[in-house]
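Residue-level structural notes
Chain by chain, the residues run as shown.
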Amino acid sequence: MKLVEPPSCSSASTIVFIGKNSRGNWVAQEQNGLYGGLFVNRAQAVKYALFENGHHPETIIELSREIELDTGSKLPFPAAGTRRVA
C-alpha cells in the first residue's frame, strides 16, 4: 500500500504563486506561506501547486517578476506583472 500525503490546503480559494527566482529555479509558494518549494522546471512547479491546492488551476498565478521562496509568514505580492496559469 502506497501512502500519499494529503494536500496542504483545505480551500479552493487558496492562491499559489509560481515563477522563477534570481538563480533561475522555479518557485511555487502559497499566498500566506503555508507551503512552497523550489523546482527545476515550470511543469514540476505547476504539478506541485495543483496537488497542494486540490487541483484548482484557476488559483495558480504565474508571476512575470522574480519570486524568492519565503519561509516567513507574509509575502508581498503586487497585482502588477502577474498572469493566471489556467
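Further up the page is the structure itself.
A brief report on the enclosed structure follows. Since this is a predicted model, take the numbers as computed values, not measurements. Every residue gets a number counted from 1 within its own chain, in the order that chain's sequence is written. A pLDDT threshold of at least 70 governs which residues receive local features in this predicted model, and a stricter bar of 80 or more applies before side-chain atom pairs are shown or counted, although totals over entire chains, interfaces and linings include all residues. The side-chain values count all of the structure's non-hydrogen atoms but skip hydrogen atoms and water molecules.

1. What about the packing of aromatic side chains?
Each aromatic ring pair is specified by the distance between its two centres and by the angle formed by the two planes. Each pair of aromatic rings taken from Phe, Tyr and Trp, with Trp reduced to its six-membered ring, is defined by centres within 6.5 Å and is described as stacked if the planes are under 30 degrees apart, edge-to-face if over 60, and tilted in the remaining cases. Taken as a whole and assessed by the stated rule, the structure comprises 2 aromatic pairs. Ring centres of Y35 and Y48 lie 6.2 Å apart, and the angle between their planes is 75°; on these two criteria the pair is classed as edge-to-face. Of this pair, Y35 sits in the loop between β2 (26-30) and β3 (36-39) while Y48 is found in helix α1 (residues 42-52), placing the two residues 13 residues apart along the sequence. Across the pair, exposure class does not vary: Y35 and Y48 are buried alike. Numbering of helices and strands runs from the N terminus, with a helix taken as a DSSP run of H or I at least four residues long and a strand as a DSSP run of E at least two residues long. Exposure classes here rest on a 1.4 Å probe applied to the protein chains alone. A residue is buried below 20% of its type maximum, exposed above 50%, and partly exposed in between.

2. Quick look at the nonpolar core
To define a nonpolar core, start from buried Ala, Val, Leu, Ile, Met, Phe, Trp, Tyr and Cys residues and group those joined through side-chain atoms within 4.5 Å. Counting residues in each nonpolar core, the largest one holds 11 residues, listed as V16, I18, W26, A28, Y35, F39, A45, V46, Y48, A49 and I60. Mapped onto this core, the elements with two or more residues apiece are β1 (16-20), β2 and α1. Of the residues forming this core, the biggest block, 4 residues, is contributed by α1. In what follows, residue pairs with any heavy atoms lying within 4.5 Å of each other are defined as contacts. In this structure F39 touches N25, W26, A28, Q44, A45 and Y48, once residues within four positions along its chain are discounted. Among the nonpolar cores identified, the runner-up in size contains 6 residues, and I15, F17, V27 and L63 belong to it.

3. Some words on the pairing of β3
Only one face of β3 is covered, namely the one carrying G37 and F39; the face carrying G36 and L38 has none of its residues buried. Between any two strands, pairing holds if DSSP finds at least two bridges. With 4 bridges connecting them, β2 and β3 associate as antiparallel partners. Pairing of A28 across the sheet is with G37, part of β3. Here β2 folds back onto β3 in antiparallel fashion, the turn holding 5 residues, of which G33 has a positive phi close to 75°.

4. Points about unusual backbone geometry
If a residue is not glycine, its phi is most likely negative; likewise, a peptide bond is most likely trans. A positive phi angle, close to 65°, is found at H55, a residue other than glycine. Of the residues examined, H55 reaches a relative accessible area of 55% and is grouped as exposed.

5. Looking at the side chain of Q29
Within the secondary structure, Q29 is located in strand β2. For Q29, a relative accessible area of 1% gives the class buried. We define a polar contact as two N or O atoms separated by no more than 3.5 Å, with the added condition that, inside protein, one atom must be a possible hydrogen donor and the other a possible acceptor, whereas residues neighbouring each other in sequence contribute only through side-chain atom pairs. Separated by 3.2 Å, the side chain of Q29 and the backbone nitrogen of D70 make a polar contact.

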